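# Secondary and tertiary structure notes
Residues per chain, in single letters:
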Amino acid sequence: MPAMATLRELLAGPEPVLAPGAYDALSARLVERAGFPAVYMTGFGASASLLGRPDVGLLSFDEMAGHARRLAQAVSVPLIADADDGYGNPLNVMRTVREYAAAGVAALHIEDQVAPKRCGHMEGKEVVEAAEMVEKVRAAVEARGEDGPLIIARTDARAVEGLDAALERARRYREAGADALFVEAPETEQEIEAVAAAFPDVPLVFNWVDGGKTPQLALERIGELGFALVIYPVTTLFAAAGAVADVLDRLPRADHDVPSFDAFTDMIGLPEMRALEARFAT
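Residues numbered from 1 in each chain as written. Predicted model: local features only at pLDDT ≥ 70, side-chain atom pairs only at ≥ 80, totals over all residues. Heavy atoms only, no water.

## A closer look at the overall build of the chain
Inclusion rule: Segments assigned H or I by DSSP are reported as helices when at least four residues long, segments assigned E as strands when at least two residues long, and all are numbered from the N terminus. The quantity called the radius of gyration is restricted to C-alpha atoms. Its globule counterpart is 2.2 Å times the number of residues to the power 0.38. Each residue is assigned to one of three classes by its accessible area relative to the maximum for its type, calculated with a 1.4 Å probe on protein chains only: buried under 20%, partly exposed between the two thresholds, exposed over 50%. Any two residues having at least one pair of non-hydrogen atoms within 4.5 Å are treated as being in contact. The protein chains shown are the only cover counted for residues, whose accessible areas, like all others here, come from Shrake-Rupley with a 1.4 Å probe. Positive charges are assigned to Lys and Arg, negative charges to Asp and Glu, while His and the chain termini are left out of the count. Taken as the charge location is NZ of Lys, CZ of Arg, CG of Asp or CD of Glu.
Broken down by element type, the chain carries 13 helices and 8 strands. Expected size for 282 residues packed as a compact globule is a radius of gyration near 19 Å; at 19 Å, the chain falls within 12% of this value. Once the C-alpha set of the chain is aligned to its principal axes, its extents read approximately 60 × 45 × 35 Å. Here the chain holds 282 residues, and the buried ones make up 46% of them. Restricting the contact set of the chain to residue pairs at least 6 apart, pairs at least 24 apart contribute 70%. Counting every atom, the chain has about 13400 Å² of accessible surface; 54% of that belongs to carbon and sulfur. The average position of the 26 basic charges and that of the 44 acidic charges among the side chains of the chain differ by 4 Å.

## A look at the packing of helix α4 (residues 61-74) against helix α5 (residues 90-103)
Put simply, the rule is: To define axes, lines are fitted to C-alpha atoms, for helices over the stretch in contact only, and angles between the resulting N-to-C directions are given on a 0 to 180 degree scale. Roughly parallel means an angle under 35 degrees; roughly antiparallel means over 145; roughly perpendicular covers 65 to 115; every other angle is labelled oblique. Take the far helix as your reference; a near helix turned counterclockwise from it by less than a right angle gives a left-handed crossing, and one turned clockwise gives a right-handed crossing. Residue type decides the class: Asp, Glu, Lys and Arg count as charged, Ala, Val, Leu, Ile, Met, Phe, Trp, Tyr, Cys and Pro as nonpolar, and the leftover types, Gly among them, as polar.
In contact at an axis separation of 8 Å, α4 and α5 are set at 25° when each is read in the N-to-C sense. As summarised for this structure, α4 and α5 are arranged roughly parallel, according to the angle between their axes. Two packed elements cross with a definite hand, and for α4 against α5 that hand is right-handed. Residues F61, M64, A65, A68, R69 and A72 of α4 form the contact with α5, whose own contacting residues are R95, T96, E99, Y100 and A103. The residue makeup of the contact of α4 with α5, split by class, is 7 nonpolar, 1 polar and 3 charged.

## Details of the sheet that holds strand β8 (residues 229-232)
Under the convention used in this document: Any two strands with at least two DSSP-identified bridges between them are counted as paired.
Spatially, the 8 strands line up as an open sheet ordered β6-β5-β4-β3-β2-β1-β8-β7, and their pairing is parallel. The open sheet terminates on both sides in strands that have one partner only, identified here as β6 (180-183) and β7 (205-207). This sheet shows a mean twist of 25° between the axes of neighbouring strands, independent of strand direction. Where strand β4 (residues 107-111) lies against strand β5 (residues 150-155), 5 bridges are found, and the strand directions are parallel. Residue pairing in the sheet places L108 in a bridge with I151 of β5.

## Quick look at the pattern of salt bridges
Just so we agree on the cut-off: The working definition used for a salt bridge is a side-chain nitrogen of Lys or Arg within 4 Å of a carboxyl oxygen of Asp or Glu.
Tallying each qualifying case throughout the model produces 21 salt bridges. D179 serves as the salt-bridge partner of R144, at 2.6 Å between the closest nitrogen and oxygen. On the criterion of sequence distance, the pair formed by R144 in helix α6 (residues 130-144) and D179 in the loop between α8 (163-175) and β6 is long-range, its members being 35 residues apart. In this pair, the class of R144 matches that of D179, namely buried. E168 is paired through a salt bridge with R171; the nearest N and O atoms lie 3.5 Å apart.

## A few points about the environment of P37
Mapped onto the secondary structure, P37 falls in the loop between α2 (25-33) and β2 (39-41). Sequence-distant contacts of P37, defined by excluding residues within four places in its chain, comprise L10, V17, L18, V77 and P78.

## Re a nonpolar patch on the surface
Quick note on the threshold: Patch definition: residues with relative accessible area over 30% and no salt bridge; like charges joined within 9 Å; nonpolar side chains (Val, Leu, Ile, Met, Phe, Trp, Tyr) joined within 5 Å.
On the surface, L270, M273, L276 and F280 cluster together into a nonpolar patch covering about 380 Å² of accessible area. Position of L276 among the secondary structure elements: in helix α13 (residues 270-279). By relative accessible area, which is 35% here, L276 ends up partly exposed.

Structure representation (structure tokens):
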């Protein structure tokens, strides 16, 4: 998978890889168009986009895999995808990894929450036993093979068992073969520093959630601490929702400002479609 190789190379670089969240294929195209090296498929955004509902485990495996396929096909840069808890036991996790790989995903993360899961920055989370998650990670690594997507192991234990327990879980997931670690929702800068200090030679994920539990450090500081990947799961979603609400409020007064029809069709690739039509015209 060229996308996986590209992502691995990016993560080995000196600066964190920035991956804004995409909640649908259009937002994924906009992320790529803005010049970012990777796109993050947000589960929070998928639930909001597909169902208009919060991220509380309502979307099925098939819905998420199909969503991943549409986003991967919309862009040429690597797609990093949320795979929730893997959608079942280790055998289910193996199928999840294979289907995400077939969809074109370059990396995916699975988490140690009890199903139905919740957004990592919500209250009321529960986690499975660490040993159960270890087996899921082992199954994911086996299923992806030599050339499959990178496996990111996420732990949500900080909110349930405390930071020390979360770090111990992360160590066990790394030993099980995870390519990268995602310690979700540290609540202070000191906790973020502790995560970085615990895994100095492991690719780490920093989750930048607008209004979430984790402090939003300066990007330079995140890089200094050694985080390899910074995801922005909800920024584009919140911006889009705010813009739609604003334009609907202004619509009766006809004083709204939106892209022109031509500008928007250019944005979604109409010139490329016209060029293809011309090439294959009889």
